[in-house]
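Results of the structural survey
Each chain, written out:
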Amino acid sequence: MADTPETASNGAAPQATPVKMNVLAQFVRDMSFENILAQKGVQGDVQPDVQLQVNLDAKKRTPDNQYEVILKLQVTSKAKESGDTLFVLELEYAGVFHVENVPDDQLHPFLLIECPRMLFPFVRRIVSDVTRDGGFPPLNLETIDFLQLYRTELARRASAQQAETANA
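Residues numbered from 1 in each chain as written. Predicted model: local features only at pLDDT ≥ 70, side-chain atom pairs only at ≥ 80, totals over all residues. Heavy atoms only, no water.

In terms of nonpolar packing, the biggest core is built from 33 residues, with L73, V99, L111, V123 and V127 touching the most fellow members. Contributions of two or more residues to this core are made by β3 (66-79), β4 (85-100), α2 (104-133) and α3 (146-167). In terms of residue count, α2 provides more of this core than any other element does, 12 residues in total. The contacts of L73, once residues within four sequence positions are left out, are L52, Q53, V54, L89, E90, L91, V123, V127, L141 and I144. (Core = buried A, V, L, I, M, F, W, Y, C linked by side-chain atoms within 4.5 Å. Buried < 20%, exposed > 50% of the residue type's maximum accessible area, 1.4 Å probe, protein only. Helix = DSSP H or I, 4+ residues; strand = E, 2+ residues; numbered from the N terminus. Contact = heavy atoms within 4.5 Å.)

To continue, consider the sheet that holds β4. Note on sheets: strands pair through backbone hydrogen bonds, and any given pair is parallel or antiparallel. Spatial ordering of the open sheet is given by β1-β4-β3-β2, a layout of 4 strands whose pairing is antiparallel. Of all the strands in the sheet, just β1 (20-35) and β2 (48-60) have a single pairing partner and so form its edges. Taken pair by pair, the neighbouring strands of this sheet meet at an average axis angle of 15°, ignoring direction. Here 14 bridges tie β1 to β4, and the two strands are oriented antiparallel to one another. Paired with D30 across the strands is E92, a residue of β4. Against the sheet, α2 engages β1, β2, β3 and β4, with an angle of about 140° to β4. (Pairing = 2+ DSSP bridges. Axes fitted to C-alpha atoms, helices over the stretch in contact; angles between N-to-C directions.)

All told, the structure shown has 10 salt bridges when counted by the stated rule. The salt bridge partner of E68 is K59, with a shortest N-O separation of 4.0 Å. Overall, the relative accessible area of 40% leaves K59 in the partly exposed class. Salt-bridge contacts for R157 lead to E153; the nearest nitrogen and oxygen are separated by 3.0 Å. Of the two residues, R157 and E153 both sit in helix α3, 4 residues apart, roughly one turn of that helix. Given the relative accessible area of 48%, R157 is considered partly exposed. Each of R29, K59, R61 and E68 takes part in a single network of salt bridges with overlapping partners. (Salt bridge = Lys/Arg side-chain N within 4 Å of Asp/Glu carboxyl O.)

Turning our eyes to something else, we now look at the environment of N22. Mapped onto the fold, N22 is located in strand β1. A relative accessible area of 34% means that N22 is categorised as partly exposed. Measuring from C-alpha to C-alpha, the distance between N22 and F97 comes to 5.6 Å, with 75 residues separating the pair along the chain. Residue contacts for N22: discarding those within four places in its chain leaves V96, F97 and H98.

What follows is the structure, encoded as structure tokens:
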């Protein structure tokens, strides 16, 4: 009896082709750090309140199986008591990835969950160094749950689409 694609000669299911991902490049696309505390000359002991916004973007590049993933951060630190802004850091950090053997229906989450996980340690280091070099204690970002971020964005888009259809 001839083997079919569904079974191997030993009767077991065929092995799935393993996912292949390589980081081809990573770089700072854009960065801005503004030390407002130094510009205004705020004095005294200031307790910071740090707010973090994270956005992700992914796009296909011209070569086959290459994608650019961009992790965008905006970090704003304000004084807890007065609400005065102490500093603002905006960072766009990109990675170029070669990705193979990911099913089409799983490519979008793969690019927006797994790829940012690979970039995050480097982003964390940059944020720490820039805040330290800017005259503040180094800001060590907590680990970002990219899976939860992805799910939240999907839910936001679904509710926005429902609201749009209800208003039409």
